Amino acid sequence: MSHVKVFDTTLRDGEQSAGVNLNRLEKVEIAKQLERFGVDRMEAGFPASSPAEFESVQEIANTIKNCSVTGLARASKKDIDSAWEALKGGVEPRLHIFLATSPVHMTHKLKKTPDEVVATAVEAVTYAKEKFPHVQWSAEDACRTDLDFLVHIIEEVIKAGASVINLPDTVGYTTPKEYGYMFRYVKENVPNIHDVTLSAHCHNDLGMAVSNSLTAIENGAEQIEGTINGIGERAGNAALEEIAVALAIRSDRYPYTTRLNLREIKRTSDLVSKLTGMMVPGNKAVVGRNAFAHESGIHQDGVLKESTTYEIITPEMVGVDSNHLVLGKHSGRHAFNQKVETLGFDLNEERLKQAFVKFKDLTAKKKEVTDEDLFAILTDTQTENKDAKKYELQSFQVQYGSYNLPTATIALTLPDGERKEMANTGQGSVEAIYNTLDGLIHEQVHLQDYQLSSIGKGRDALAEVHVQLTVNGSPAAGRGSAQDVLEASARAFLNAVNRVIAKEQAYEETTKEAQL
Ligand code: KIV
Ligand code: ZN
């Protein structure tokens, strides 16, 4: 069996998905879960892109101990310096430099000749090697690059000190056969290729990202890149959980090992979906709600007689556990704390107390508090930015009837601490709430998308709302959960607005610091 390294880019390429904007605490929480999942390398972000991104990458690098934390950089000294400052505290700092090599990118985007591109790549890798022990170089749009030019530039960047060469299918254009051929060609024609690790990075525009990644492994890739739930630019990246399970289930065909703990798949997928607001489709391979549901009578009968008739993956293998113990109103602090630990959370004393209060509030309304409910409470408590100035919902009331115009009355505290109350109407209850909130806040808000789902099963299940807004012209995603759908709707709206305020506040603070 050969070993394949897993490079996760959920926090960088995944975070580039339209409408996703994670805050620092959310990114750290995902990073900790990726570490538990067992990825070898995680790309924490693009430090030069903004002060907030720099801080998140720095905190992740300083927090994660069992995995090499990487940052992305363009082939520029400024980007490389910024990445070094963010990553130098990590256990194994790593840099990922990319530069486009296809004719269309070199001519129209970079406006450079092929020779200039080679010189820029070599200069950047040489400079990065003075700081970083590990430098990965990516030939952006490798799949539309002339193969002999690819061979030439790879040879030069290896001489300059790159230790990983990544061949991304940036636009999701390639087929398994072509991608496999490219890896073989590079292996056979780059003279110093044996000094480095070859890496595959696939996008899913034609739905072939996972197949392409597996074919790359068969043809010499020793590292695969991807994201949890396959989130990412446009149609997304290769879904790491699908690659991991394919390698495990079809080890007869793919004799490769990874360090991944497959039982962490479900939790990782749930956390990423919850925090990014990117819902997992019911029929998604490995982690979809229906991935283990057998609906037709013939299938159910077969599975009952012998599970392998229709089930190639067991739910337990990927951490889907149906036998969990529920908590209720008689559960005390001890049972609660134990549950927090079993669910994989590590909250400080203050946050633990707050989560317990929320749990107790919920037991007053709901007979059984499930793992899903607790997961929602704990994730929200763990990722709440307490120091940020924000709008807070104090109370709200909605009047709705078949022949009345829905009316919402809402009281809020504003970021400066002032309390304000207002009422407004709408054609529906959610519209009435959003119209009222619009009148209470200072920001200009437009609703782009609204999604409602239930957390777990039953009539008394918690409601979770994800919204996409533009706030003062910037896109912002928000989420809110509550037992009532209307309260969850109000919370999701304010959550998105508060994220923009926190970003603006962080930006103002950095500008002030820079001026001092
Ligand atoms: O898809 C791509 O080409 C990338 C690079 C930055 C590696 O994400
Ligand atoms: Zn990519």
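Residues numbered from 1 in each chain as written. Chains lettered and ligands numbered in written order. Predicted model: local features only at pLDDT ≥ 70, side-chain atom pairs only at ≥ 80, totals over all residues. Heavy atoms only, no water.

(A) Expanded view of the overall build of the protein. A count of helices and strands for the protein gives 16 helices and 16 strands. For the protein, whose C-alpha radius of gyration is 25 Å, the value lies close to the compact-globule estimate of 24 Å for 516 residues. Seen through its C-alpha atoms, the protein measures out along the principal axes to roughly 75 × 70 × 45 Å. For the protein, the proportion of its 516 residues judged to be buried stands at 52%. Considering only contacts within the protein whose residues lie at least 6 apart along the sequence, 66% involve residues at least 24 apart. Only carbon and sulfur atoms are counted for the fraction: they give 49% of the accessible area of the protein, which is about 23500 Å². For the protein, the centre of its 56 positive side-chain charges and the centre of its 73 negative side-chain charges are spaced 3 Å apart. (Helix = DSSP H or I, 4+ residues; strand = E, 2+ residues; numbered from the N terminus. Rg over C-alpha atoms; globule rule 2.2 N^0.38 Å. Buried < 20%, exposed > 50% of the residue type's maximum accessible area, 1.4 Å probe, protein only. Contact = heavy atoms within 4.5 Å. Areas by Shrake-Rupley, 256 points an atom, 1.4 Å probe, with all protein chains shown as cover. Lys, Arg positive; Asp, Glu negative; His and termini not counted. Charge placed at Lys NZ, Arg CZ, Asp CG, Glu CD.)

(B) How the structure looks around the sheet that holds strand β15 (residues 462-471). As summarised here, the arrangement of the 3 strands in space is β14-β15-β16, forming an open sheet in which the pairing is antiparallel. Two strands close off the open sheet at either side, each with one partner strand: β14 (445-455) and β16 (474-482). In this sheet, neighbouring strand axes are inclined to one another by 15° on average, regardless of whether the strands run parallel or antiparallel. (Pairing = 2+ DSSP bridges. Axes fitted to C-alpha atoms, helices over the stretch in contact; angles between N-to-C directions.)

(C) Examining the pattern of salt bridges more closely. A complete count under the given rule lists 33 salt bridges for this structure. The partner of Asp-40 in a salt bridge is Arg-259, and the shortest N-O contact between them spans 2.9 Å. Taken together, the positions of Asp-40 in the loop between α1 (24-37) and β3 (41-45) and Arg-259 in the loop between β10 (256-257) and α10 (265-276) put the pair 219 residues apart, joining distant regions of the chain. You can call Asp-40 buried: its relative accessible area is 9%. (Salt bridge = Lys/Arg side-chain N within 4 Å of Asp/Glu carboxyl O.)

(D) Seen up close, the site of ligand 1. Neighbouring residues of ligand 1: Arg-12, Asp-13, His-96, Phe-98, Ser-138, Glu-140, Pro-168, Thr-170, His-201 and His-203. Interatomic distance of 3.1 Å between a side-chain N/O atom of Asp-13 and an oxygen atom of ligand 1. Here an oxygen atom of ligand 1 sits 2.6 Å away from a polar atom, N or O, in the side chain of Thr-170. Listed by contribution, the elements that provide at least two residues to the shell around ligand 1 are β5 (94-100) and β6 (134-140). Classifying every residue of the shell around ligand 1 gives 2 nonpolar, 5 polar and 3 charged. (Near = heavy atom within 4 Å. Polar contact = N/O pair within 3.5 Å; in protein donor to acceptor, adjacent residues only side chain to side chain. Nonpolar A, V, L, I, M, F, W, Y, C, P; charged D, E, K, R; others polar.)

(E) Representation of the pairing of β14. Where β14 meets β15, 10 bridges bridge the pair, whose relative direction is antiparallel. Considered in β15, the bridge of Gln-451 is made with His-466. Once β14 ends, the chain turns through 6 residues before running back antiparallel as β15, passing Gly-456 with a positive phi of about 80°.

(F) Representation of α10. For α10, which comprises 12 residues, the first-to-last C-alpha distance of 16 Å matches the rise-based estimate of 16 Å (1.5 Å per residue) to within 8%. Taken across its 12 residues, α10 has 10 buried, putting it largely inside the fold. For α10, every residue scored as buried is listed here: Ile-265, Arg-267, Thr-268, Ser-269, Leu-271, Val-272, Ser-273, Lys-274, Leu-275 and Thr-276. Along its buried surface, α10 packs onto α1, α9 (240-249), α14 (371-382), β15 and β16. (Expected span 1.5 Å × (residues − 1).)

(G) How the structure looks around helix α5 (residues 114-129). Helix length check: α5, at 16 residues, gives a terminal C-alpha distance of 23 Å against a target of 22 Å (1.5 Å per residue), a fit within 8%. Inspection of α5 places Val-117, Val-118, Thr-120, Ala-121, Ala-124, Val-125, Tyr-127 and Ala-128 among the buried residues, and these make up the whole buried set. Residues of α5 that are buried in the fold lie against α3 (77-87), β5, α4 (103-110), β6 and α6 (147-160).

(H) Up close: the coordination of the zinc ion (ligand 2). Asp-13 (OD), His-201 (NE2) and His-203 (NE2) make up the full set of protein donors to the zinc ion (ligand 2), lying at 2.0 to 2.1 Å. Binding-site remark: the zinc ion (ligand 2) is held by donors from one chain whose sequence spacing is D-x187-H-x1-H. Taken as a pair, Asp-13 in the loop between β2 (5-8) and α1 and His-203 in the loop between β8 (197-202) and α8 (209-218) lie far apart in primary sequence, 190 residues in all. Residue Asp-13 shares its accessibility class with His-203, and that shared class is buried. (Donors = N, O, S within 2.8 Å, 3.2 Å for Na, K, Ca; no water.)

(I) Structural detail: the domain arrangement of the protein. When the domains of the protein are assigned, the result is domain 1 (2-276), domain 2 (292-322), domain 3 (325-382) and domain 4 (392-513). Averaged C-alpha coordinates put domain 2 and domain 3 at centres separated by 30 Å. (Domains from an automatic or database assignment.)

(J) View of a negative patch on the surface. Taken together, Glu-55, Glu-504, Glu-508, Glu-509 and Glu-513 make up a surface patch of like negative charges. Examining the composition of the negative patch, we find that 4 residues originate from one element, helix α16 (residues 485-515), more than from any other. In this structure Glu-504 comes out as partly exposed when scored by relative accessible area, which is 34%. (Patch = residues over 30% accessible without salt bridge, like charges linked within 9 Å, V, L, I, M, F, W, Y side chains within 5 Å.)

(K) Representation of the sheet that holds strand β13 (residues 419-425) within the structure. The antiparallel open sheet is built from 3 strands, whose spatial order is β11-β12-β13. Pairing within the sheet leaves two strands with one partner each, and these edge strands are β11 (392-399) and β13. With direction set aside, neighbouring strand axes in the sheet form an average angle of 15°. Alignment of strand β12 (residues 407-413) against β13, held across 7 bridges, turns out to be antiparallel. Pairing of Leu-412 across the sheet is with Lys-420, part of β13.

(L) Representation of the nonpolar core in the model. Trp-137, Ile-154, Ile-165, Leu-167 and Phe-336 are the most contacted members of the largest nonpolar core, which totals 111 residues. Considering every element that reaches this core, the biggest residue donor is α6, with 8 residues. Not counting residues within four places of it along the chain, the set of residues in contact with Ile-165 comprises Trp-137, Ile-154, Val-157, Ile-158, Val-196, Thr-197, Leu-198 and Ser-199. (Core = buried A, V, L, I, M, F, W, Y, C linked by side-chain atoms within 4.5 Å.)

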